[in-house]
Amino acid sequence: MSLRPWLPTLVGFVLAVALGLSRLTRPEVIVGWLDPSAWDPTVLFVMIGAVSSFALVHRLARARRPNVCPTPTKKALDLRLVGGSVIFGLGWGLGGVCPGPALTSLGAGASWTPLFVASMVVGLWLGAPERWRAWGLAKEGKSRV
Amino acid sequence: MSWWMAIAAGMLFGAGSGALLYFEGRIAGISGVLAQAVEPEATERGWRLRFLLGLLLGGAFVGLVWPDHILHTHFASPGRLVVAGLLVGVGARLANGCTSGHGVCGVGRFSLRSVVAVGTFTLAGALAVRVMGGVS
């Protein structure tokens, strides 16, 4: 039996360990990053490390595995991107939790996580563009929302 | 947490996301993976569920090895948690990504969309903390 199908599991495990090790699983560390009056630079350092190592692998993947490496084509800065990011940011600041740390904390059995993750899943479902179109909130085809 | 430890943990995160890109051609955007995994008509649900299983197992590991790195009782009320979760979910779906997809993978490939997303959600987050208060 090949172990290859379990590569995503290993990656998920590594990501959770990285989030836990760096304490990004602690909402007060996130809130500290967003609060200039009690500034905690942990998020910045984790981001610097993550972006630099991912950028390196991304370069390598583009050069050596052009058939595998996806190239996202979407370039436009639209209302959906900016509006969605505003909504996401408000929720991020309100709870001090984003999706990765939420699932990591769920795995660790934190008591608040079932409620938060369930709400987040409902939100992910509600935010889908195909649902907005079905409800008439967004136009068919090329939509601005 | 020393700053170099935070950078090292970040590099581990980037390397993990990089491995998924290099070997599978997939973006390790956690909100996107979760959203697609729960879509009723999802295709390619398998790898997404296996990825999410890894995150949960990793979380269990963190809870055992560094129990104080997990917050067991949240400072926010249940109502505030529900609103926060809903906003995080809707926003990430609309923006096509969260802190992992835009923040790490998108910024890591120098995507303008992702840089704008990260700047926007950081400012909105700071506003929420400012208005609603942080750790109380």
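Look up: the structure comes first, before these words.
Remember, predicted model here, so these are calculated numbers, not experimental data. (Residues numbered from 1 in each chain as written. Chains lettered and ligands numbered in written order. Predicted model: local features only at pLDDT ≥ 70, side-chain atom pairs only at ≥ 80, totals over all residues. Heavy atoms only, no water.)

Student: When you look at the overall build of chain A in this model, what are you seeing that I'm missing?
Tutor: When helices and strands are counted, chain A shows 7 helices and 0 strands. Its helices and strands taken in sequence order, chain A reads α-α-α-α-α-α-α from the N to the C terminus. Once local pairs closer than 6 in sequence are excluded, the contacts in chain A between residues at least 24 apart make up 32%. Accessible area for chain A stands at about 6900 Å²; split by element, carbon and sulfur atoms hold 66% of it. Considering chain A, the positive charge centre built from 15 side chains and the negative charge centre built from 6 side chains are found 13 Å apart. (Helix = DSSP H or I, 4+ residues; strand = E, 2+ residues; numbered from the N terminus. Contact = heavy atoms within 4.5 Å. Areas by Shrake-Rupley, 256 points an atom, 1.4 Å probe, with all protein chains shown as cover. Lys, Arg positive; Asp, Glu negative; His and termini not counted. Charge placed at Lys NZ, Arg CZ, Asp CG, Glu CD.)

Student: Would you take a moment to explain the packing of helix α5 (residues 99-107) of chain A against helix α3 (residues 45-65) of chain B for this structure?
Tutor: Two measures define how a pair of helices packs: the angle their axes make with one another and the distance between the axes. Relative orientation of the contacting elements α5 of chain A and α3 of chain B amounts to 60 degrees, with a least axis distance of 6 Å. Regarding the angle of α5 of chain A to α3 of chain B, the classification is oblique. When you trace α5 of chain A past α3 of chain B, the crossing you get is right-handed. Taken together, the residues of α3 of chain B that come into contact with α5 of chain A (itself represented by Leu 103, Thr 104, Leu 106 and Gly 107 of chain A) are Leu 52, Leu 55, Leu 56, Gly 59, Ala 60 and Val 62 of chain B. (Axes fitted to C-alpha atoms, helices over the stretch in contact; angles between N-to-C directions. Parallel < 35°, antiparallel > 145°, perpendicular 65-115°, else oblique. Left-handed = near helix turned anticlockwise from the far one by under 90°.)

Student: Any chance you could explain the pattern of salt bridges here in plain terms?
Tutor: Two side chains bearing opposite charge may form a pair once their charged atoms approach each other closely. The final tally for this structure, using the stated rule, is 7 salt bridges over all chains. Here Arg 26 of chain A makes a salt bridge to Glu 28 of chain A, at a shortest N to O gap of 2.7 Å. Using a relative accessible area of 15% as the deciding quantity, one classes Arg 26 of chain A as buried. With a relative accessible area of 24%, Glu 28 of chain A lands in the partly exposed category. When the shortest N-O distance is used, the salt bridge between Glu 39 of chain B and Arg 131 of chain A registers 2.8 Å. A residue pair is termed interchain when its members come from two chains, as with Glu 39 of chain B in the loop between α2 (30-38) and α3 and Arg 131 of chain A in helix α7 (residues 129-134). With relative accessibility at 11%, the residue Arg 131 of chain A sits in the buried group. (Salt bridge = Lys/Arg side-chain N within 4 Å of Asp/Glu carboxyl O. Buried < 20%, exposed > 50% of the residue type's maximum accessible area, 1.4 Å probe, protein only.)

Student: Mind showing me how you'd approach the side chain of Arg 80 of chain B here?
Tutor: In this fold, Arg 80 of chain B is placed in helix α4 (residues 78-95). The buried charged residue Arg 80 of chain B lacks any salt bridge partner; its closest oppositely charged side chain belongs to Asp 35 of chain A, at an N-O distance of 10 Å. A distance of 3.5 Å separates a polar atom in the side chain of Arg 80 of chain B from the backbone oxygen of Met 132 of chain B. (Polar contact = N/O pair within 3.5 Å; in protein donor to acceptor, adjacent residues only side chain to side chain.)

Student: What should I look at first to understand the interface of chain B and chain A in this one?
Tutor: As a measure of interface size, the accessible area lost when the parts come together is often cited. With 97 residues of chain B at the contact, the number on the chain A side is 96 residues. Summed over both sides, the interface of chain B with chain A buries roughly 9100 Å², with 78% coming from carbon and sulfur. It is Tyr 22, Leu 94 and Arg 113 of chain B that lose the most area in chain B upon contact with chain A, and together they represent 9% of the buried surface on that side. Connecting chain B to chain A are 4 salt bridges. Along the contact surface separating chain B from chain A lie 25 residue pairs in polar contact (both at pLDDT 80 or more). The leading source of residues in the side of chain B that touches chain A is helix α1 (residues 3-24) of chain B, at 20 residues. Along the lines of polarity and charge, the residues of the side of chain B that touches chain A split into 62 nonpolar, 27 polar and 8 charged. (Buried area = accessible area lost by both parts, 1.4 Å probe. Nonpolar A, V, L, I, M, F, W, Y, C, P; charged D, E, K, R; others polar.)

Student: Would you mind showing me how to read the environment of Leu 79 of chain A here?
Tutor: All names here are of chain A. With respect to the helices and strands, the residue Leu 79 is situated in helix α4 (residues 79-95). Note on Leu 79: relative accessible area 54%, which makes it exposed. For the pair Leu 79 and Ala 63, spaced 16 residues apart in the sequence, the C-alpha separation amounts to 33 Å.

Student: When you look at the nonpolar core in this model, what are you seeing that I'm missing?
Tutor: Side chains of a nonpolar character, in soluble globular proteins, are inclined to be buried together. Counting residues in hydrophobic clusters, the biggest one holds 65 residues, and the most contacted among them are Leu 15, Phe 88, Trp 92 and Phe 116 of chain A together with Phe 51, Leu 52 and Leu 55 of chain B. The element contributing the most residues to this core is helix α3 (residues 42-64) of chain A, with 7 residues. Not counting chain neighbours up to four residues away, the residues in contact with Phe 51 of chain B comprise Pro 8, Thr 9, Val 11, Gly 12 and Leu 15 of chain A together with Leu 20, Ala 28, Ile 30 and Val 33 of chain B. (Core = buried A, V, L, I, M, F, W, Y, C linked by side-chain atoms within 4.5 Å.)

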